Amino acid sequence: MLSGHASGRTGFMLVRRKLVERLRAQGIRDARVLAAFEAVPRHDLVPEVLWGQAYKDTALPIGEGQTISAPGVVATMSAALGLTGPECVLEIGTGSGYQAAILSRLATRVISIERIPELARSARAALAALEVRNVEFHLGDGTCGRPEDAPYEGIVVTAGGPEVPRPLLEQLSLGGRLVGPFGPRDAQQLLRIRRTGASSYTQEVLGRCDFVDLVGRNGWLP
Ligand code: SAM
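Residues numbered from 1 in each chain as written. Predicted model: local features only at pLDDT ≥ 70, side-chain atom pairs only at ≥ 80, totals over all residues. Heavy atoms only, no water.

Glancing now at the overall build of the protein. Of regular secondary structure, the protein possesses six helices and nine strands. Taking all 222 residues of the protein together, the buried fraction comes to 53%. Split by element, the accessible area of the protein, about 10,200 Å² in all, is 52% carbon and sulfur. Side chains of the protein give 25 positive and 23 negative charges; the mean places of these two sets differ by 5 Å. (Helix = DSSP H or I, 4+ residues; strand = E, 2+ residues; numbered from the N terminus. Buried < 20%, exposed > 50% of the residue type's maximum accessible area, 1.4 Å probe, protein only. Areas by Shrake-Rupley, 256 points an atom, 1.4 Å probe, with all protein chains shown as cover. Lys, Arg positive; Asp, Glu negative; His and termini not counted. Charge placed at Lys NZ, Arg CZ, Asp CG, Glu CD.)

What follows is the structure, encoded as structure tokens:
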């Protein structure tokens, strides 16, 4: 049973293994994704008072009115990107840094954009402490993407926007996948979009979801 400091690293490792069993039972099959969840210490990315809940399948507050997404959601989104290792991935919404730390084990290069300076700063520090070296942090409006590093084989949007930002679609590589929550606030859908040509895309609905707002020029107005 998890109980903050008392459990220590070994305790957290055991709880992480249980989390992985739950993710497998929920249908996550990608062995690399499951290994990433076993390796990344989610408790190190949430306030210490929440360590006791760190491995529950629930979103948790991380300050600034934002949340770290539930592990099941992060796993679904990570698996949906279909990464094999050599990819460059763009994440919109660094938040706690948890999704970025998971992606760091699935792709070669991860570029993560956050609009709230305090969150960007603490995620950068937390991932440095975890010796994650292939994540680059940027402060700004992720709804515009980051054209200077495009194209991306994967883009993951971790906040909910009214529609898929056009710049992000344009920054996908041919065959690249974008996964994220879009639609009205009370009826968000988790979408996977695949670029199939210069201006053609396919779209799949992966399920219903409930994310904090994607705020920006191509998202909700601040
Ligand atoms: N990936 C995060 C994690 O693992 O903790 C999830 C964080 S939370 C669900 C969504 C984040 O998106 C928040 O930190 C929020 O500030 C950020 N966000 C919202 N709109 C954004 C934008 N236009 N550009 C960059 N970040 C944005």
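Structure's up, so let's keep going.
Strand order in the open sheet formed by seven strands is β5-β4-β3-β6-β7-β8-β9, with mixed pairing between adjacent strands. Of all the strands in the sheet, the pair left with one neighbour each is β5 (135–139) and β9 (200–208). Each strand axis lies, on average, 15 degrees off the axis of its neighbour in the sheet, ignoring direction. Across the sheet, helix α3 (residues 71–80) lies against β6 (152–157), β7 (172–182), β8 (189–197) and β9, angled at about 160 degrees from β7, the strand it touches most. (Pairing = 2+ DSSP bridges. Axes fitted to C-alpha atoms, helices over the stretch in contact; angles between N-to-C directions. Contact = heavy atoms within 4.5 Å.)

It is worth spelling out the packing of aromatic side chains at this point. With the rule as written, the count across this model stands at three aromatic pairs. Each ring, one from phenylalanine 12 and one from tyrosine 55, has its centre 5.9 Å from the other, and the planes form 50 degrees; the classification is tilted. Pair noted here: phenylalanine 12 is in helix α1 (residues 8–25) and tyrosine 55 is in the loop between α2 (31–39) and β1 (60–63), with a separation of 43 residues, a long-range link. Exposure remark for phenylalanine 12: the relative accessible area of 3% places this residue in the buried category. Taken together, a centroid distance of 5.9 Å and an interplanar angle of 80 degrees make the contact between phenylalanine 37 and tyrosine 98 edge-to-face. (Phe/Tyr/Trp six-rings, centres within 6.5 Å; stacked < 30°, edge-to-face > 60°.)

Taken as a whole and judged by the stated rule, the model has eight salt bridges. Between arginine 17 and glutamate 38 there is a salt bridge; the shortest N-O distance is 3.0 Å. Separated by 21 residues along the polypeptide, arginine 17 in helix α1 and glutamate 38 in helix α2 bring together distant segments of the chain. The partly exposed category is assigned to glutamate 38, whose relative accessible area is 32%. A salt bridge links arginine 192 to glutamate 204, with the nearest nitrogen and oxygen atoms 2.9 Å apart. With arginine 192 in strand β8 and glutamate 204 in strand β9, this pair connects stretches of sequence that are twelve residues apart. Take arginine 192: its relative accessible area is 18%, and that puts it in the buried class. On the basis of relative accessible area, glutamate 204 is assigned to the partly exposed category, the value being 32%. (Salt bridge = Lys/Arg side-chain N within 4 Å of Asp/Glu carboxyl O.)

Another point: the pairing of β6. Extensive coverage of β6 is indicated by the burial of five of its six residues. With four bridges connecting them, strand β3 (residues 88–92) and β6 associate as parallel partners. The residue of β6 that forms the bridge with leucine 90 is isoleucine 155. Summarising the sheet, β6 and β7 pair through four bridges and their orientation is parallel. Of the residues in β7, the one forming a bridge with tyrosine 152 is leucine 172.

Before going further, it helps to spend a moment on the pairing of β9. Here β8 pairs with β9 via eight bridges, running antiparallel. Along β9, the bridge assignment pairs glutamine 189 with arginine 208. Between the end of β8 and the start of β9, which pair antiparallel, lie two residues.

So, about α2. Those residues of α2 lying buried are Val33, Leu34, Ala36 and Phe37. Along the axis of α2, the buried residues cluster in a sector spanning 155 degrees; they form a single face. Near the N-terminus of α2, the side chain that reaches the backbone nitrogen of arginine 32, with its oxygen 2.9 Å away, is that of aspartate 30. (Arc of directions from axis to C-beta. Polar contact = N/O pair within 3.5 Å; in protein donor to acceptor, adjacent residues only side chain to side chain.)

Turning to the nonpolar core, a few remarks are in order. Across soluble globular proteins, nonpolar side chains show a tendency to be buried alongside one another. The biggest cluster of nonpolar side chains holds 47 residues, and the ones touching the most others in it are Phe37, Tyr98, Ile102 and Leu127. The contact partners of tyrosine 98, leaving out residues within four places of it in the chain, are Leu19, Phe37, Val40, Arg42, Leu45, Ile68 and Val74. One finds Val157, Val164, Leu172 and Leu191 within the second-largest nonpolar core, a separate group that totals 18 residues. (Core = buried A, V, L, I, M, F, W, Y, C linked by side-chain atoms within 4.5 Å.)

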